[in-house]
Amino acid sequence: MGIVLKQREQIATMRAAGRIVAETLLVVQEAVRPGVTTQELDALAEAYIRRAGATPAYKGYRGFPATICASVNEEVVHGIPGPRVLQDGDIISIDVGARYRGYYGDATVTLPVGTITLEAQRLLDVCRESLDIGIEQARAGRRLTDISAAIQAYVEGHGFSVIRDLYGHGIGRRLHEDPLLPHYGRPGQGPILRPGLVLTIEPMIAAGAPDWRTLEDRWTVVTRDGSLAAQFEHTVAITENGPEILTLP
Ligand code: MG
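An account of the accompanying structure is given in this report. Every residue gets a number counted from 1 within its own chain, in the order that chain's sequence is written. For a predicted model such as this one, the threshold for reporting local features is a pLDDT of at least 70, and the threshold for listing and counting side-chain atom pairs is 80 or more; totals across whole chains, interfaces and linings nevertheless cover every residue. In computing side-chain properties, one takes all heavy atoms of the structure into account and sets aside hydrogens as well as water.

**Let's talk about the nonpolar core**
Stage number 1. Leu 41, Ile 92, Ile 94 and Ile 201 are the most contacted members of the largest nonpolar core, which totals 53 residues.
Stage number 2. Pairs of residues are marked as contacts when any of their non-hydrogen atoms sit within 4.5 Å. With residues up to four places along the chain from it excluded, the contact list for Leu 41 reads Val 28, Ala 31, Val 32, Val 36, Ile 68, Leu 86, Ile 92 and Ile 94.
Stage number 3. In plain words, nonpolar cores are sets of buried Ala, Val, Leu, Ile, Met, Phe, Trp, Tyr and Cys residues tied together by side-chain atoms within 4.5 Å. Each residue is assigned to one of three classes by its accessible area relative to the maximum for its type, calculated with a 1.4 Å probe on protein chains only: buried under 20%, partly exposed between the two thresholds, exposed over 50%. Residues Tyr 58, Cys 69, Val 198 and Leu 246 belong to the second largest nonpolar core, which totals 14 residues.

**Quick word on the coordination of the magnesium ion**
Stage number 1. Each metal's donors are the N, O and S atoms within 2.8 Å of it, or within 3.2 Å when it is Na, K or Ca, and because water is not part of the set, sites may look incomplete. Taken together, the protein donors to the magnesium ion comprise Tyr 58 (OH), Asp 95 (OD), Asp 95 (OD), Asp 106 (OD) and Glu 233 (OE), at separations of 2.0 to 2.7 Å.
Stage number 2. The motif formed by the donor residues of the magnesium ion, counted along the single chain, is Y-x36-D-x10-D-x126-E. Residue Asp 95 is located in strand β4 (residues 91–100), and its partner Asp 106 is located in strand β5 (residues 103–112); the two are separated by 11 residues in the primary sequence.
Stage number 3. When its relative accessible area of 2% is taken as the criterion, Asp 106 is described as buried. Put simply, DSSP H or I for four residues or longer makes a helix, DSSP E for two residues or longer makes a strand, and each gets a number counted from the N terminus.

**Quick notes on the sheet that holds strand β3 (residues 75–77)**
Stage number 1. With antiparallel pairing, three strands are arranged side by side in an open sheet as β3-β12-β11. Each end of this open sheet is capped by a strand with a single partner; those strands are β3 and β11 (212–214). Each strand axis lies, on average, 40 degrees off the axis of its neighbour in the sheet, ignoring direction.
Stage number 2. Strand pairing is defined by DSSP finding a minimum of two bridges between the two strands. Note that β3 and strand β12 (residues 221–223) share two bridges and pair antiparallel. Paired with Glu 75 across the two strands is Val 222, which belongs to β12. To define axes, lines are fitted to C-alpha atoms, for helices over the stretch in contact only, and angles between the resulting N-to-C directions are given on a 0 to 180 degree scale.

Below is the structure:
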């Protein structure tokens, strides 16, 4: 379908959608602790999104049954909320998407549950920092994979790996638009970034090898070697004045 550039008013609506997503993540974050189940977190997220006048983006998407993706420890993405009880020392990635006035917002954070190991905390820190470094490259005139290469260099420079074959994407009236954004690769490839492009930047990183497999539920992606994984994501607009994060509270 090609890249759909957004006008100022459309970006304003996406900012509103993004704010709902970011505030939903704050509500969920407050509830994350040992003893809570991932379906309890899902219910909180769905209630908040609907109260805000928005619709959960993932519920029903290709049959996905829930509002959030809740991915624990070696789960990378697309974990299905359920009766699993969070334990002290777990890490959990919460991915939230919402549709508001016809536009989508999409963001992810990975959170500690109780007290986590120093290595797990370092994984979270490096992942969040790699997102910031990717966003810094999201400027008009750069090429798409300048974002990819900056993220990969940062993550691998800290001894972690970037998950392959799962991508960021354009976003707007549709949850997934062109272009696809790998979080690894050579710089200087892909389309030139232009004002009005809105995309998700969502590095997934692992403490071990970057290979993954899908569980029998056909959704949950886990690291093949069982190592811990983390993800941070923002929806970002490229403007004349540089990158603007749309998924802020
Ligand atoms: Mg997402």
